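Working through the structure, step by step
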Amino acid sequence: MMDAKLCRLLICALCAAFLLSPLACSQRTTTRETDARANDPRHGGTLIVPIFGSAITRARLDPIVPSYDPIASMIFDRLAVAEDPTGARVGLALAETWEESPDGLVWRFYLREARFQDDECFPNGIGRRVRADDVIYSWQRMIRALPAGYHYFGRFIAGASEYRDGRAEAISGLRALDDRTLEVRLITPFFGFIRAVTWFPTSIVPREAVERYGEDFAKHPVGTGAFRLVEWDVNGGRITLARNPNYWGRDPQGRQLPYLDEIRYVLYPNQMTAFQAVVNGEAHMAPVPADLLDGVATRDSSGELRLRDEYAARNLRLVPYQPPIFGAYACFNLDRKTPFAREVRLRQAIGYVLRLPSEPPMRPLLRPVFGVPSQDDKGFYYDPERARALLREAGHPKGRKLPKLRLVTTPYNREQNFERIERIKELGIPLEENLVNSVEIEQRLREGDFDLYMSTWEWFYPDAAALLMRFLSDAPPEENIARYRNPDFDALFMRMIGERDETKRGLLVGEMEELLLRSAVWITFRISSPDRQYVIIRNDARFHDSARERINFRTTWLD
């Protein structure tokens with residue numbers, strides 16, 4: 001179950017989420033002179049990045065247990081990366097190329113020449129070449145150690161089930177044909193598998209480092225990424241990454257990446273102080289707090305936001321970014337022997353008070369989903385009169401004779417959804433609230449002692465399968481929180497993952513959404529703001545401004 005982990009991640013990584021988000025940059029934000037310099041990257045320098053929350057004290061830099069992805073993603077690589085939020089474009093990373101069989105059952109990945117970062121775990125401290133068996137080791141480690149690793153990734157690979165359960169010593173569907181060729185055999189066609197390998201937990205780690213450092217590997221990470229960990233000062237509130245001289249990456253002109261010598265992450269008390277650190281010249285970039293934006297920028301005649309003169313004079317610029325998309329949801333437990341589990345109209349009634357009056361209807365899944373047409377007009381919307389009518393039709397006008405609805409959530413989600421919870425009470429439905437900390441929530445969900453659960457969610461990799469797998473009948477209870485079991489849904493899912501045509505695939509997803517909507521077991525009532533947010537950046541921190549690129553520290557330099 002990843003919802004509680006996601007909540008912790010969103011809190012501690014809020015200030016750095018923009019670092020990995022797609023940009024919608026305008027060339028109007030720079031002058032011709034700085035545009036010219038932006039095309040001439042330079043090596044060297046230390047980038048200062050403010051962070052806040054619990055990033056320093058609680059971070060675990062291990063792909064299978066990451067608590068601070070923006071830092072960990074600088075240290076580790078996957079075979080491929082998603083180049084946009086929908087998964088329409090997948091880029092190369094450790095895989096130089098790949099190919100798939102016509103039936104979608106066999107995938108071959110051809111690895112590029114890459115080396116692990118230098119570390120004492122290797123002979124003479126020199127990082128060795130990455131081999132195909134390193135991918136096998138890393139994926140087997142993830143599938144056995146991370147329950148979601150099997151459910152969302154390993155379940156497709158031949159022999160993964162036997163390996164996870166201890167009935168086999170290795171996954172039979174993973175074979176190293178030679179040092180640089182990995183063959184993956186699936187048990188069912190899955191044409192979205194290339195998107196699945198962009199999931200961060202599939203990052204490649206060396207066996208030598210994991211065996212040498214054991215449980216301390218998360219504090220002593222070794223990967224193939226552009227930067228390596230050189231300092232972790234909890235008391236001083238600082239994490240420093242240094243340039244990896246072994247890094248395989250080159251820019252389009254063939255220059256060695258990364259350009260930076262160091263990235264220094266420095267802890268600040270909150271988002272406001274992080275923003276002020278950039279304004280004062282102590283750091284290079286930070287999100288602009290939403291309540292400060294009007295005072296920091298003004299709109300020009302074209303409608304674009306531009307920094308006010310007092311900020312522009314400090315050698316700063318403003319860059320828009322699209323934050324990661326995640327949603328909030330309410331989920332009913334169908335295994336409970338209560339009217340809420342038996343009667344769909346009671347669940348529908350609650351669904352019609354969870355949205356805000358100004359919000360349009362919302363279907364169960366998040367948007368955007370590659371190849372899936374938006375059909376939000378059929379979803380739940382705010383209609384308290386309809387909610388009360390459904391209660392009457394179900395034989396419980398104004399909530400009469402209903403047992404207490406047992407709600408489980410975290411204190412953070414309780415605070416975020418206070419008004420929505422109050423609306424349930426206003427219908428007359430008696431509510432019993434149980435607040436559980438994020439460490440204990442997974443066990444509570446597994447035990448199933450709840451009627452309704454509220455939390456946040458997002459996809460793990462940009463394919464519709466990653467959103468829908470939690471509703472499969474054989475999904476573990478910490479993932480299939482609703483205990484939703486529908487053979488028709490399962491059959492549609494198997495057809496969907498084996499469909500190569502994206503238009504037909506999207507129609508199948510729509511059918512699955514329709515089944516979820518009719519059952520009213522999973523109600524998405526809020527998504528993160530689709531509006532662009534903004535980062536304030538010192539002009540000496542440069543990156544390629546492009547709507548197709550991201551602020552990526554591997555290709556950031558100091559002018």
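Here, every reference points to the structure presented above.
This structure is a prediction, so every number in the text was calculated from the model and none was measured.

Let's shift gears to the overall build of the protein chain. Across its full length, the protein chain carries 21 helices and 22 strands. Relative to its full complement of 559 residues, the protein chain shows a buried share of 57%. Partitioning the intrachain contacts of the protein chain with sequence separation of at least 6 by distance along the chain shows that 72% fall at a separation of at least 24.

So, on to the pattern of salt bridges. As enumerated under the stated definition, the model contains 41 salt bridges in all. Two residues, Asp-251 and Arg-255, come together in a salt bridge whose shortest N-O distance is 2.6 Å. On the basis of relative accessibility, which here comes to 8%, the residue Asp-251 falls in the buried class. The residue Arg-446 makes a salt bridge to Glu-442 at a minimum N-O spacing of 2.9 Å. Residue Arg-446 and its partner Glu-442 are both found in helix 18 (residues 441-447); the two are separated by four residues, about one turn of the helix. Several salt bridges converge on common partners, so that one network encompasses Glu-96, Glu-113, Arg-129, Asp-179 and Arg-180.

A few words on the packing of aromatic side chains. In this structure the tally under the stated criterion is 24 aromatic pairs. For the ring pair Tyr-247 and Trp-248, a centre distance of 5.0 Å and an interplane angle of 45 degrees mean the geometry is tilted. Residue Tyr-247 is classed as buried on the basis of its relative accessible area of 5%. Overall, Trp-248 belongs to the buried group, its relative accessible area being 18%. Through successive ring pairs, a cluster of aromatic residues spans Trp-107, Phe-109, Trp-139, Phe-153, Phe-156, Phe-190 and Phe-193. Seen from the ring of Tyr-163, Arg-144 lies directly overhead, with NZ or CZ sitting 3.9 Å from the centre. It is Arg-164 that lies over the ring of Tyr-150; its NZ or CZ is 3.9 Å from the centre.

Glancing now at the packing of helix 20 (residues 487-497) against helix 21 (residues 502-519). Closest axis-to-axis distance for the helix 20/helix 21 pair is 9 Å, and the angle between their directions is 160 degrees. Between helix 20 and helix 21, the interaxial angle falls into the category roughly antiparallel. Like other packed secondary-structure pairs, helix 20 and helix 21 cross with a definite hand, here left-handed. Side by side, helix 20 and helix 21 meet where Asp-488, Phe-489, Leu-492, Phe-493, Arg-495, Met-496 and Ile-497 of the first sit next to Arg-505, Leu-508, Val-509, Glu-511, Met-512, Leu-515 and Leu-516 of the second.

A word on the nonpolar core. By size, the foremost hydrophobic cluster in this structure holds 121 residues, and its most contacted members are Trp-139 and Phe-193. Residues in contact with Trp-139, not counting those within four places in the same chain, are Leu-79, Phe-153, Ile-157, Leu-174, Leu-182, Val-184, Phe-193, Val-197, Thr-202 and Ile-204. In this structure, Ala-330, Leu-354, Ile-424 and Phe-525 belong to the second largest nonpolar core, which totals 29 residues.

Take the pairing of strand 18 (residues 452-457) next. Most of strand 18 is tucked away, with six of its six residues classed as buried. Alternating positions in strand 18 separate into two faces, Leu-452, Met-454 and Thr-456 on one and Tyr-453, Ser-455 and Trp-457 on the other, with burial throughout. When strand 15 (residues 327-332) meets strand 18, the two strands line up antiparallel, connected through six bridges. Directly across from Gly-327, in strand 18, lies its bridge partner Trp-457. Where strand 16 (residues 405-409) lies against strand 18, two bridges are found, and the strand directions are parallel. For Val-408, the partnering residue across the bridge sits in strand 18 and is Tyr-453.

Considering the arrangement of structural elements, one finds Val-521 in the loop between helix 21 and strand 19 (522-527). C-alpha of Val-521 to C-alpha of Val-344: the two residues are 177 residues apart in sequence and 8.2 Å apart in space.

Moving on: the sheet that holds strand 4 (residues 95-100). Taken in spatial order, the four strands line up as 4-5-7-6 in an open sheet, and their pairing is antiparallel. Single-partner strands in this sheet number two, and they are strand 4 and strand 6 (174-178). Going across the sheet, the axis of each strand differs from the next one's by a mean of 20 degrees, ignoring polarity. Pairing of strand 6 with strand 7 (residues 181-185), which is carried by four bridges, proceeds in the antiparallel orientation. Within strand 7, the position partnered with Arg-175 by the bridge is Glu-183. In this fold helix 5 (residues 132-145) packs onto strand 5 (106-111), strand 6 and strand 7, with an angle of close to 170 degrees to the strand it touches most, strand 6.

With that settled, the discussion passes to unusual backbone geometry. Omega for the peptide link from Leu-257 to Pro-258 comes to -5 degrees, which places this bond in the cis form. In this structure, Pro-258 sits in the loop between strand 9 (238-243) and strand 10 (262-267). A positive phi is found at Asn-315, a non-glycine position, where the angle reads about 65 degrees. Within the element layout of this structure, Asn-315 appears in the loop between helix 12 (309-312) and strand 14 (316-321). Owing to a relative accessible area of 42%, Asn-315 belongs among the partly exposed residues under this scheme. Phi at Arg-483 takes a positive value of approximately 55 degrees, unusual for a residue other than glycine. Tracing the sequence through the fold places Arg-483 in the loop between helix 19 (464-468) and helix 20.

So, on to helix 20. Buried within helix 20 we find Phe-489, Asp-490, Leu-492, Phe-493, Met-496 and Ile-497. Projection of helix 20 onto a plane perpendicular to its axis shows the buried side chains occupying an angular sector of 165 degrees, all on one side. Opposite the buried face of helix 20, by more than 90 degrees, sit the exposed residues Pro-487, Asp-488 and Arg-495. Elements in contact with the buried residues of helix 20: helix 19 and helix 21.

Looking at the element boundaries, Asp-251 is found in the loop between strand 9 and strand 10. A polar contact of 2.9 Å, which involves the side chain of Asp-251, links it to the backbone nitrogen of Gln-253. For Asp-251, the side chain forms a polar contact with the side chain of Arg-255, separated by 2.6 Å. Apart from the residues within four sequence positions on either side, Asp-251 is in contact with Leu-257 and Tyr-259.

Basis of the calculations
Residues numbered from 1 in each chain as written. Predicted model: local features only at pLDDT ≥ 70, side-chain atom pairs only at ≥ 80, totals over all residues. Heavy atoms only, no water. Helix = DSSP H or I, 4+ residues; strand = E, 2+ residues; numbered from the N terminus. Buried < 20%, exposed > 50% of the residue type's maximum accessible area, 1.4 Å probe, protein only. Contact = heavy atoms within 4.5 Å. Salt bridge = Lys/Arg side-chain N within 4 Å of Asp/Glu carboxyl O. Phe/Tyr/Trp six-rings, centres within 6.5 Å; stacked < 30°, edge-to-face > 60°. Lys NZ or Arg CZ within 6 Å of the ring centre and 35° of its normal. Axes fitted to C-alpha atoms, helices over the stretch in contact; angles between N-to-C directions. Parallel < 35°, antiparallel > 145°, perpendicular 65-115°, else oblique. Left-handed = near helix turned anticlockwise from the far one by under 90°. Core = buried A, V, L, I, M, F, W, Y, C linked by side-chain atoms within 4.5 Å. Pairing = 2+ DSSP bridges. Arc of directions from axis to C-beta. Polar contact = N/O pair within 3.5 Å; in protein donor to acceptor, adjacent residues only side chain to side chain.

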